[in-house]
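Each chain, written out:
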Amino acid sequence: MGEVDPAFIQDPEHRPKLSTIEAEGIPLIDLSVLNSPDAVSDTSTLHSLVSEIGKACKDWGFFQVINHGVPLEQRQKLDKASRKFFAQPLEEKVKIRTDEVKVLGYFDSEHTKNVRDWKEVFDFSIHNPTIVPASTHPDDKEVVEWHNQLPQYPPELREACEEYGKEVEKLSYKLIELIALSLGLPANRFHGFFKAQTSFIRLNHYPPCPAPDLALGLGRHKDAGALTVLAQDDVGGLEVKRKSDGEWVRVKPTPDAFIVNVGDIIQVWSNEIYESVEHRVMVNSERERFSIPFFFHPAHYTMVKPLEELISEENPHKYRPYNWGKFLVTRKGGNFKKLDVENIQVYHFRTSKLADSLEALSVKQ
C-alpha cells in the first residue's frame, strides 16, 4: 500500500479531521466483582455494575472494561503471532486469501460503504466449521460450512487464536448476561441464541498511510452482530460518533482494557432501548496499528426481532423479524466487491409505520 489509489479516498464530507477530540466520557467499567468468589452473594455491587452497563449502553453504545478475566498472556501471544503473520510478503499471505466461497482467511480489499479500507485482515472462526445458509435466497434452506484457512507461518497462530477465542467468548457471555439484567431480563435470556454461534476473531493491520486526511482504516459503520469486544494496541485510531452531538471522538487506548460496543442485533432485541453506534478507524502516516475485534454473533437460524418482554402499547415492535444467517451471508458478499447500492443494513427491517413517520420528519427538516 504505497500511494493512495482513488478507491481508498473518502467523499469530502466523510474525510477524517486530523485534529481529534478525545472521548474522555466513554465509561471505563471494572468487572472484578464477576471474578470474585463472592460475586453471587454481593448483590449491591452486582446491581451497581448492571446499572453502569445499562447507562453506558444507553448513553454511548460503547464502554471499556478492565479486570475482565481474560489472561493478558493470551492476548499478547495472539498479538505477537498477528504481527509475524502480517510482516510476511504479500505473496505468502495471499495463499490463504478469502473469496466468495472461502470467506475466512486473509483479505486486503474490504469495502465499507463502497469505499476501500486502508487495512489488511485475517478472519478466524471460533467454531470451526461455522454453519451458514448456502445462499441469500429466503426460500433456500440449504446450509454450507465455512472452514478456517491457516497460514504455514507462524505455526502458533492457530493455537493463539483458539485459546484467545475461548477466553473472549467467556467474557462475551458475561457481558451479554449483564446487558440482559440491565434490560430487566433474566441473566441467561440471550444464551439460547448462541448455541451454534457464528462468532469470529479478526486480526486487523493498518499500515502507515501517506494520506491520512483522505482515507480511513475502516469507514464509518455500525456492527451488525450482537456485541464486539475489541483489543487495540497503544497507537489508537478508533473514533466513535457521540450520540449527544454527532461529533467524532477518539477512544484513548487503556492498557489491557477491552472496548465493547453494542451491535445492531442488541438494538433490535432491545427494541432500541439500546442503540448500535457508528464508529470508524483513523490511520496515520507514521505508525502501523494492530487491533483484534471479537464479533459475538448468534446461530445462523436465529430470527432477529424485538423481544416480547420489551414490547408494549407505548413501545410497539420497531423491526420486522429477519434471519441472521441470510443477513450475514448477504453482508459478507458485499465485502468482496464495490456494490452499486448500499449493502444490507438493519434499518431496512424497520417497521413501515416507523419508516413512514421518519421519512415525514426528514421531509419537514
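Conventions adopted
Residues numbered from 1 in each chain as written. Predicted model: local features only at pLDDT ≥ 70, side-chain atom pairs only at ≥ 80, totals over all residues. Heavy atoms only, no water. Helix = DSSP H or I, 4+ residues; strand = E, 2+ residues; numbered from the N terminus. Buried < 20%, exposed > 50% of the residue type's maximum accessible area, 1.4 Å probe, protein only. Contact = heavy atoms within 4.5 Å. Areas by Shrake-Rupley, 256 points an atom, 1.4 Å probe, with all protein chains shown as cover. Core = buried A, V, L, I, M, F, W, Y, C linked by side-chain atoms within 4.5 Å. Polar contact = N/O pair within 3.5 Å; in protein donor to acceptor, adjacent residues only side chain to side chain. Phe/Tyr/Trp six-rings, centres within 6.5 Å; stacked < 30°, edge-to-face > 60°. Lys NZ or Arg CZ within 6 Å of the ring centre and 35° of its normal. Pairing = 2+ DSSP bridges. Axes fitted to C-alpha atoms, helices over the stretch in contact; angles between N-to-C directions. Salt bridge = Lys/Arg side-chain N within 4 Å of Asp/Glu carboxyl O. Expected span 1.5 Å × (residues − 1). Arc of directions from axis to C-beta.

## Some details on the overall build of the protein
Within the protein one finds 7 helices and 19 strands. Taken over 365 residues, the protein has a buried fraction of 52%. Intrachain contacts of the protein at a sequence separation of at least 6 include 79% that bridge at least 24 residues. Accessible surface, the protein as shown: approximately 16900 Å² in total, 52% of it carbon and sulfur.

## Section: the nonpolar core
Residues F190 and W269 are the most contacted members of the largest nonpolar core, which totals 71 residues. A per-element tally of this core places helix 4 (residues 157-182) first, with 11 residues.

## A short note on the side chain of T130
Within the element layout of this structure, T130 appears in strand 8 (residues 130-133). The class of T130 is buried, set by a relative accessible area of 3%. Only 2.8 Å separates the side chain of T130 from the backbone oxygen of H127, close enough to count as a polar contact. Each residue touching T130, except ones within four places of it in the same chain, is listed here: S125, V144, E145, W146, Q197 and T198.

## Observations regarding the packing of aromatic side chains
For the structure shown, the criterion picks out 18 aromatic pairs. With 4.1 Å between their ring centres and 5° between their planes, F194 and F296 make a pair best called stacked. Taken together, the positions of F194 in the loop between helix 4 and strand 10 (200-206) and F296 in strand 17 (residues 289-296) put the pair 102 residues apart, joining distant regions of the chain. Over the ring of W248 we find R280; its NZ or CZ atom is 4.3 Å from the centre of that ring.

## Examining unusual backbone geometry
The residue after N128, namely P129, is reached through a cis peptide bond having omega 0°. Along the polypeptide, P129 turns up in the loop between strand 7 (120-125) and strand 8. Of note, the bond from Y153 into P154 is cis; its omega dihedral lies within 30 degrees of zero at -5°. On the secondary structure map, P154 appears in the loop between strand 9 (143-146) and helix 4. In this structure, K113 takes a positive phi of about 50° despite not being glycine.

## Points about the sheet that holds strand 3 (residues 62-66)
Strand order in the open sheet formed by 8 strands is 2-3-15-12-17-10-7-4, and the pairing between neighbours is mixed. Pairing within the sheet leaves two strands with one partner each, and these edge strands are strand 2 (28-30) and strand 4 (106-107). Strand direction decides the pairing type here: strand 12 (residues 227-232) and strand 17, joined by 6 bridges, are antiparallel. Considered in strand 17, the bridge of L227 is made with F296. Each of strand 2, strand 3 and strand 15 (258-262) touches helix 1 (residues 43-59); the most contacted strand, strand 2, lies at about 160° to it.

## Remarks on the pattern of salt bridges
What the rule picks out here adds up to 22 salt bridges. A salt bridge links D256 to R75; the nearest nitrogen and oxygen atoms lie 3.9 Å apart. Residue D256 is located in the loop between strand 14 (248-250) and strand 15, and its partner R75 is located in helix 2 (residues 72-86); the two are separated by 181 residues in the primary sequence. A relative accessible area of 33% means that D256 is categorised as partly exposed. Owing to a relative accessible area of 10%, R75 belongs among the buried residues under this scheme. Across the salt bridge formed by K93 and E120, the nearest N and O atoms sit 3.0 Å from each other. In this pair, K93 is assigned in helix 3 (residues 90-93) and E120 in strand 7, connecting sequence segments 27 residues apart. E120 matches K93 in its accessibility class, with the two residues each being buried. Within the structure, one salt-bridge network assembled from shared partners comprises E110, K119, D123, R202 and K332.

## Looking at helix 1
Helix length check: helix 1 (17 residues) gives 24 Å between terminal C-alpha atoms against 24 Å at 1.5 Å per residue, within 8%. The complete set of buried residues in helix 1 reads L49, V50, I53, G54, A56 and C57. Viewed end-on, helix 1 has its buried residues packed into an arc of 165°, placing them on one side of the element. Turned more than 90 degrees away from the buried face of helix 1 sit S44, H47 and K55, all of them exposed. Buried residues belonging to helix 1 abut strand 2, strand 3, helix 4 and strand 15. Two residues or fewer past helix 1, G61 is found with a positive phi of approximately 75°.

## Things to note about helix 4
Helix length check: helix 4, at 26 residues, gives a terminal C-alpha distance of 37 Å against a target of 38 Å (1.5 Å per residue), a fit within 8%. Where helix 4 terminates, the next one or two residues include G184, which has phi positive at roughly 80°.

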